[in-house]
Amino acid sequence: MRTLRLVVPALAVCVALSACGGQGVGGGTPTPTPTGTQPVTSQPTPDPTASPATVTPTVPPGVKTPKPGGPSTPPGVGATTLSGTLQSGVEPGCVLLDGYLLLGGPRDVLMAGARVEVTGRVEPGMMTTCQQGTPFVVTAAHRS
């Protein structure tokens, strides 16, 4: 009777182990099957008869638009002028003006609390160490 008590659990363990070992016969992990999704098989073909889209530039809030009788030479293609009072950012060395993170420019002019006018270009895709503001590369700055 005692032998039967030892043999039955040992056989149960052997059966369980052999059943688990048989699941990996494919040699790898099973491929998951998607539920309710269709695979992408091709890219849409553009219509060659369609006219190209027209892009209308927008002016961000706080940006000055050129005035008649302004400077004799324009600030450059894509340049923008901002003016206002500078604020310090949450990180050391970060200076903001109306939601724009000012990068470059004369640091003796671009100090928190100063009222300035800066010229440069917006670079929304640029990576910075500051945790706020849209990057704005300064090409010129002066106190106003």
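Definitions and cut-offs
Residues numbered from 1 in each chain as written. Predicted model: local features only at pLDDT ≥ 70, side-chain atom pairs only at ≥ 80, totals over all residues. Heavy atoms only, no water. Helix = DSSP H or I, 4+ residues; strand = E, 2+ residues; numbered from the N terminus. Buried < 20%, exposed > 50% of the residue type's maximum accessible area, 1.4 Å probe, protein only. Contact = heavy atoms within 4.5 Å. Areas by Shrake-Rupley, 256 points an atom, 1.4 Å probe, with all protein chains shown as cover. Core = buried A, V, L, I, M, F, W, Y, C linked by side-chain atoms within 4.5 Å. Pairing = 2+ DSSP bridges. pLDDT = per-residue confidence, 0-100. Salt bridge = Lys/Arg side-chain N within 4 Å of Asp/Glu carboxyl O.

Attention now moves to the overall build of the protein chain. From N to C terminus, the protein chain includes 1 helix and 7 strands. Taken from N to C terminus, the helices and strands of the protein chain fall in the order α-β-β-β-β-β-β-β. The buried share of the protein chain, taken over its 144 residues, is 19%. If you take every contact in the protein chain between residues at least 6 apart in sequence, the share linking residues at least 24 apart comes to 55%. Roughly 11,200 Å² of accessible area belongs to the protein chain as shown, and the carbon and sulfur atoms make up 61% of that amount.

Core analysis: the biggest nonpolar cluster contains 14 residues, and Leu102, Leu110, Val116 and Val118 have the highest contact counts within it. Only strand 4 (95–97), strand 5 (100–103), strand 6 (115–122) and strand 7 (134–143) provide two or more residues apiece to this core. Looking at which element gives the most residues to this core, the answer is strand 7, with 3 residues. With near-sequence residues (within four places) excluded, Val116 lies in contact with Leu82, Ser83, Gly84, Leu86, Leu97, Val109, Leu110, His142, Arg143 and Ser144.

This part covers the pairing of strand 6. As judged from the 6 bridges shared by strand 2 (residues 80–85) and strand 6, these two strands associate in the antiparallel manner. Bridge pairing in strand 6 places Thr81 opposite Thr119. The sheet contact formed by strand 6 and strand 7 spans 7 bridges and is antiparallel. Bridging from a neighbouring strand, Thr119 pairs with Ala140 of strand 7.

By secondary structure assignment, the location of Pro124 is in the loop between strand 6 and strand 7. On the basis of relative accessible area, Pro124 is assigned to the exposed category, the value being 64%. The spacing of Pro124 and Tyr100 is 24 residues in sequence and 9.6 Å in space, taken between C-alpha atoms.

For the rest of this paragraph, the subject is the confidence of the model for the protein chain. Detailed reading of the predicted coordinates is not advisable wherever pLDDT is low. Confidence in the prediction for the protein chain averages 73 pLDDT; 48% of positions are at 70 or higher. The model gives residues 66–73 a pLDDT under 50, and that stretch makes 0 contacts with residues more than four places away or in other chains.

Let us look at unusual backbone geometry. Of note in the backbone geometry, Asp98 takes a positive phi value of approximately 50° without being a glycine. Inspection of the secondary structure puts Asp98 in the loop between strand 4 and strand 5.

Per the stated rule, a full pass over the model turns up 1 salt bridge. Close ionic contact of Glu123 with Arg121 constitutes a salt bridge, the shortest N to O distance being 2.8 Å. You can call Glu123 partly exposed: its relative accessible area is 26%.

Bridge count for strand 5 against strand 7 is 4 bridges, and the pairing is parallel. In the sheet register, Leu101 faces strand 7, and the bridge partner there is Pro135.

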